[in-house]
Every structure is written in structure tokens, then in C-alpha cells.
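Residue-level structure breakdown
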Amino acid sequence: MKVAKFQPFRFVRNTAILCAVVLIVYLGFLYWHKGQVGLDYRVLNTSLKMPTTPRSVTNWKLRPIEVGGSFKNVTRLVEACDGHLYILEQRGRIYRLPITLGSGDPIRFLKLKNVSSAGEGGLLGLALHPEFGNNDDPNGRYAYVYYSAERDDGTRSNRLSRLTATASFDELDPKSELILIDQDDEHDWHDGGGLTFGPDGFLYLTMGDEGLSSDALGNSQEIKKDLFSGVLRIDVDAQGGEISHWPPRQPETGVTAHYMIPNDNPFVGVPGALEEFYAIGLRNPHDLFFDELTGNGFVTDVGENQQEELNQLVSGGNYEWSFREGDFLPTEGPFNNGALPSPMYGTPNSPLLAYAHTNGNKCIIGGFVYHNEKYPELKNKYIHGDLSSGRVWAATLSPDHPLAIEERSLLTHLESAAARSLCALTTTEDGEIYAATLAGNIYRLEPRNNQDELVSLPQRLSQTGVFADLATLTPAPGFIPYEVKSPLWSDNAVKSRWICVPGDGSSVNPTEDRIYISRKNNWEFPTGTCFIKHFELPIDQSDPTKTKRLETRIIMRDDAKGIYGATYKWNEDDTEALLLHQGQEEAHAIMCEDGSSHQQTWEYPSRIDCLSCHTEDAGYVLGVNTRQLNGWTHYPETRRDGHQLRTWNGIDLITRSREKVKTIRPSLFFGFDALVDPYDASEDLNDRMMSYVDSNCAHCHRPYMMRTALDLRWGADELQRHLYETEAVNPMNGTRTLLVNPANPDASELLNRVASKTSGFRMPPLSTSVPDQKAIELIRQWIRARAATASQSQ
């Protein structure tokens, strides 16, 4: 056997060749990577003048109040007849405070056990007897609570109970509970919870429809089954005689006791009726209020898909859920899209006020009529809010018709998106107005007496420190341009974008001056990060270079871990932009190629409107993410193109770790998600479609954001998207409609929403009035392709 000899020279030569190849490949990769980077270094910005604390531009503010304790999952504030304010927690606890919050520590008034706090359940209502605190009256120690109970056998019920206070009246004894109503509850949503004594001395309680969409359990127009979907009126004093009588029957799934029915209740004598009903046809009536001066009753009802409503409470009123919702809008449900039920119980009633599910509004929070002299400008106005948007309004009641709404004006809003979820509003006898959030924050409504507080944001764009040269829109040092792969549709506007992150990337704590990025999920931005989006409208179709400067929007990452926005509207000669204090519409003349012209309306959003899309669930920031920035842009500063993610990585702008500075290996970028241009016909049709809905729809249509099951984010599989062969929850034409109808693309709800010119149905819903014709054709092609694929598989 011949043994090969070791040849040192050949080994060294081969090793040298291998090392040279490796070195050449490495240098080639470095050269290639250098060609991918558009900037060489990061510049520290020192010019930005936008504060990191969110500011309001309204004349009122909600000021946080320290009350000597923290609260969890607040459901209601109750101003009671004994001169105290009560805070209810979902878990079954009530705290009693001095009527002027901040003047004393809270005292625990009640701790209930066996409370079911799933969904919208929990402890929802409290009403002290009108004689509460009067030792000479037999009812003077009684209080009534309404809550969702967890029974010993694991079932759930809606329960109304009476409890007795201790001799000092500062606590309710849980062992004294006397159950008045205990009714099976199949679902943990739509429990109502408005509980109060009326001016007639009777106890009123609002009940929801038991839950599920479109009254699926069939309670809304039923008065002979159970005590759901209406307002109950009972005599807890059991006076009898000419005043009240015992209930003639029990609910099918519940037990009642220890109260009587007022003889003048509207359904007394109706065969088989549960005579407790005072009004019916309500979906989720969260709040009930009686005006102490006029005796008029107000009940709010949380809508499903279309509108929120405020109603006058009348005896025998039918508020039309679920065959109507809000202001006479037909709904889906058991009554066939707006067809009247038969028999019709009660008298149909129109809402005093109805407002649409737009601009973040989705859940009305009532409310009371303000009569105190402390704030004369609010006197005789109905104060109410919205849980989802955090807005608070004052509705002016007509002096000639006390139950007519003349106008509604915005008072204020919870100013950080992170602090929203407004759940309660009330006023106290000293004229103060208080608000609470689900998270347990307590606020006092106050006027802004300091004018400087109103103008704390820069009033001119030139004062913000964003641009070094306003005429040429040259950004200030530290502002980096960027482009997105799939832009949000904005009525043909041309947009420019910049970002500025505080610091220069030298901090050892990456969360102070770097962006924490994720391959698939939302990014996290340091406090003080500034996002700029500038809009210009082409005004001559024959010359694309002719544009009109419309607005420059600024989004700031605030110190409350949320965001706030500001809109600067450009003047007529495009030399300066002024801060807008509220939303505005303006028409612009557009010259057509044939020499004719037409008017296009541009909608300038208010600061609150910004929070409609820039929500917490969507990560507050919409366009700055991996899949949108995984592409190229031009950098005027260096006059070269560069890959955006590689550029940001190279200048210490992003990190893959929150704990330590960790840049990204360039090779990893190959595996990152990337959207495509939806209008580029050379790209895959499905990728184009999914890119379009990801940027235009997914900030709302994602898990836990909308009532529908749609998930339109990039990367969601077909089962998650729920697009195919799924019915629209709120169809435009009021009849059953598929979201995507392969057999008839033009009948698809998805297509028709994008093509719609009707506010409330148009998608995207905010600041759009011109349908995106390219997107309409894209969606039509995509649906046709789905139909072709389906037919080939058969």
C-alpha cells in the first residue's frame, strides 16, 4: 500500500488560496453591503420643539386626581344622596369617598364575594335608598347593588340585591344580602347596569340583551320570557294597595322576590307579560339618569356596528333593538333587517342623539344634565362621553323642547391614547364633574384658565424645529427620510416622510435612543420620537409637478407611552403652515387633462382623529415597521440610494434587544418580511392584495380591535382572515352580503366598501373622499382569481 507523503508547500499554498477566496468574498460582501447603506452616520437633533407631554387644544381638560388609593377595573362612579361619591370595581368592591375628591382617603364600603368579572360582567350598579342615612326610616340603611354572580354550581346570573348598612352607615354588611332578582345569564357581555331611584321613588334597572351579536339569544323584543333588554321599574318598599302589587309570574330562567310591581307600569295586565318592564328594545343600556329639576329620564344604549344612542326614557317605550339600531338604521338579526316584529310591544321611539362609529367612537358613556352654578357655560347641558375615543361632549337641550338636542360640542378628551377607556362620568352637589377609566384613573373636568396652556404646542410649523428650510422642505439635522412599500390611500395626495429618534445611538441603554424592532410585530420607539408626514395634492392632471401643499402631520411618542398628533395646515401661498385646533374640510380645484376642472374636498383631521387609527392595539405607529421599510429609498444628504433597514442598522438607529445594544447581522435581512407595491402589476397578485389590506385596513381589522373576526395583517393565513364565504356584519345595502363573493365580485362587501363614497361605510374611513380606483380594480382582479382557482379545483 502506497502512503501519500505530506507536502508542506502544497498545504500552505492551498490554505493561502482558500484564505484569499474567503477574504475576497468577505470584502465583496462588505463592498456590496456598503452599497446598500444610504447614510454614513447618525446626527443628533437639537432643534425639535415639540413637547413629549401630550397637550390639548380645547377649553377644558381632564386633570388626574389623587384620591389616596388605587383602583382596579372601575365600572362606575355614583354620586349618592348621602353626600359621598362611590367608586365601583368590577371585582365586587365599592369605595366611599368625600364628595370633593382628594380631600380624604377612600373607605371600603362593600366587598362582595362570588362576583363573575368575565367580559363586561362584575359589579355594575349601586343605588342608595332615598332615605339612606335616616335612622328614623325603616329603609334608611338599605342599598341596592346589581352584579354578575358566580353561583356555586358554576353557572352565571344577573343579580339585583339589597344590602343593609352598619349602624354608622359607612359600610354594607355582605351577610345581609337579600336577593331580589337572580336570572340565568348565558353570556358575559351586554349586562346593562344602570341602577337608580327615580323621582317617583321606584327603583329602575337597565338590562342588556344577554350578549352575542345581533341579539342572537332573542331577548330584545320579548316581554314574556325573561327580564332582558329593557328598563325594569319596581317598588322595593312593597307599598301595595293603590300603588303596587306582587309580580304575577316569574321569569323563565330566574327567580324574583321581595318587591312589588307599580300599578301604572305600562305592561301591567298584558297576558303573560313580566310586568317589571318599563321600557324594552335596548341592547346594552349602560347608563340611566333622571334630571332632578325636570324629572326627565335619559338612557344610553351601546350600539353594535353602526351608532351609539341617547334616548328619552318613557313609559312603554320601545327603543327598537334589534330590528333597528340608532337613528333608524336597519340591522341584521332575528327581525329580518329592519322588518317590524309582530306583535309590537310598546311605542317605537327615536333616539334624542345618535352618532356613528367613526373616528374611534364606539361606546357611549352617559351622562347627566348639569345644573350647578359652578360652570355656567355647562348649565342645562347633557354631559356624556365615549369609552373608545375618550371624548367628552356637552349636548345643548332646547329651552323650548327640553328633550330635543340642539347641538353637541366637544369639551375635551383623554389626551394620551394609553389613558383612554373612559368608563364613567358623574357630577357632585358642589358642581364638580368627575370621570374614571377602566384602569382606575380618576379625573376632574376643569376649564383651562391659563391661556398659555392652550397654545403650548408651536402654532407655526416653522416654530417646531422640524425643517431647516421650510420653502424647500429641507429637514432639520437628525430627521431621516423614509418610504413605505404600501402607502395608506390618501385621495391621490403625494406624501413625504421623515423620522427623528432622540439621541445619537451612543447610549448603553438601547431603549433611550434606538428603536427596538421585530421581524413581524410592532416596533417600540423611545419617548420623544417624532414622525413627520407631509401631504401635497396634484392640482393639474396634465402636469404632475403642479401640487398644492395641504398639511404636515406630526406624531410624537409621548412620555405616557402613547402618542399624540398635531396637524399643520399650509396657507394659500405655501409659505407657512398653522396648527389646526379642530378638524376642517376644504375644497380644491383640480384641472383635468381636457381643460375642465372639478372640486376635491380635503379633510384635515383633528388631533383626536389621529388616535382613531393610531391605537394601542395597532402599536400607535402604523407605517414604520419591518415589512413596510424592507426596501430602498433615496437619501438627498448623500445623494445615493440605500436599503432602509440596512441603513438604519448601520447608523445605530435600531436594535434587536431591549437590554443591550445589539445590531443585526446583514445576512438576517434576507429573511425579513416585505410588502410589495399593490399597484405594481409585475408582483404576485396575492402579495399585492395582502399588502394593500395590511396598510389600509389592518390597523383596525385585527384581533380584539373590531367586532368582526377579520385579521387583515400581512402574514395572517386564510383561516385568520375570514374573508372567504363570510357574511359582512354590517352590510352597506342592509341585506346579507359576503365579504368576498367569488361568483359576483362586484357584490363583495370588501370591494364595495373601498369603492363607497358614503361616510360611515367608506374604507379607509378617515380623511378619504375619493375612491382608490387602482385598489378597486386590484380587489376585483383578486376576487376573480379566487373564483378561477375555485372552479379549477372542482
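Below or above, wherever it landed, is the structure these notes cover. Computed from a predicted model, the values in this text were never measured in an experiment.

Topic: the sheet that holds strand 17 (residues 288-290)
Strand order in the open sheet made by the four strands is 17-18-19-24, with antiparallel pairing throughout. The sheet terminates laterally at strand 17 and strand 24 (353-356), the two strands that pair on one side only. Across the sheet, the axes of successive neighbouring strands diverge by a mean angle of 15 degrees, strand direction being ignored. Summarising the sheet, strand 18 (residues 297-301) and strand 19 (residues 307-313) pair through five bridges and their orientation is antiparallel. Residue pairing for strand 19: Asp301 is matched across the bridge by Glu309.

With respect to the nonpolar core
Formed by 47 residues in total, the largest nonpolar core has its most connected members in Leu101, Leu378 and Leu411. Other than its neighbours up to four places away in sequence, Leu411 contacts Thr58, Asn59, Trp60, Leu378, Ile383, Val392, Trp393, Ala394 and Leu445. Counting 27 residues, the second-largest nonpolar core is a separate cluster that includes Tyr482, Phe531, Cys610 and Leu653.

Thoughts on helix 7 (residues 685-696)
Compared with an ideal rise of 1.5 Å per residue, which puts 12 residues at 16 Å, helix 7 spans 17 Å between its outermost C-alpha atoms and is within 8% of the ideal. Burial of helix 7 is extensive: nine of the 12 residues sit out of reach of the surface. Capping the start of helix 7, Asp684 holds a side-chain oxygen 3.0 Å from the backbone nitrogen of Asn686, two or three residues further along.

Points about the packing of aromatic side chains
As enumerated under the stated definition, the model contains 18 aromatic pairs in all. Ring geometry for Phe525 versus Phe531: centroids 5.0 Å apart, planes at 85 degrees, classification edge-to-face. Overall, Phe531 belongs to the buried group, its relative accessible area being 6%. Taken together through their ring pairs, the aromatic side chains of Tyr482, Trp523, Phe525, Phe531 and Trp648 make up a single cluster. Here the guanidinium or amino end of Arg283 rests over the ring plane of Trp321, the centre of that ring lying 5.9 Å away. We note Arg549 situated over the ring of Trp570; from NZ or CZ to the ring centre the distance is 4.8 Å.

So, the pattern of salt bridges
Summed over the entire model, instances satisfying the criterion amount to 30 salt bridges. The partner of Arg658 in a salt bridge is Glu524, with the nearest N and O atoms 2.5 Å apart. Residue Arg658 is found in the loop between strand 45 (654-655) and helix 7, and its partner Glu524 is found in the loop between strand 36 (515-516) and strand 37 (530-538); the two are separated by 134 residues along the sequence. We classify Arg658 as partly exposed; its relative accessible area is 38%. For the salt bridge of Asp574 with Lys548, the shortest nitrogen-to-oxygen distance reads 2.9 Å. Within this pair, whereas Asp574 is found in the loop between strand 39 (563-570) and strand 40 (577-579), its partner Lys548 is found in strand 38 (residues 547-557), the two being separated by 26 residues in sequence. Here the residues in one salt-bridge network are Arg63, Lys374, Glu432, Arg444 and Glu446, joined through shared partners.

What counts and how
Residues numbered from 1 in each chain as written. Predicted model: local features only at pLDDT ≥ 70, side-chain atom pairs only at ≥ 80, totals over all residues. Heavy atoms only, no water. Pairing = 2+ DSSP bridges. Helix = DSSP H or I, 4+ residues; strand = E, 2+ residues; numbered from the N terminus. Axes fitted to C-alpha atoms, helices over the stretch in contact; angles between N-to-C directions. Core = buried A, V, L, I, M, F, W, Y, C linked by side-chain atoms within 4.5 Å. Buried < 20%, exposed > 50% of the residue type's maximum accessible area, 1.4 Å probe, protein only. Contact = heavy atoms within 4.5 Å. Expected span 1.5 Å × (residues − 1). Polar contact = N/O pair within 3.5 Å; in protein donor to acceptor, adjacent residues only side chain to side chain. Phe/Tyr/Trp six-rings, centres within 6.5 Å; stacked < 30°, edge-to-face > 60°. Lys NZ or Arg CZ within 6 Å of the ring centre and 35° of its normal. Salt bridge = Lys/Arg side-chain N within 4 Å of Asp/Glu carboxyl O.

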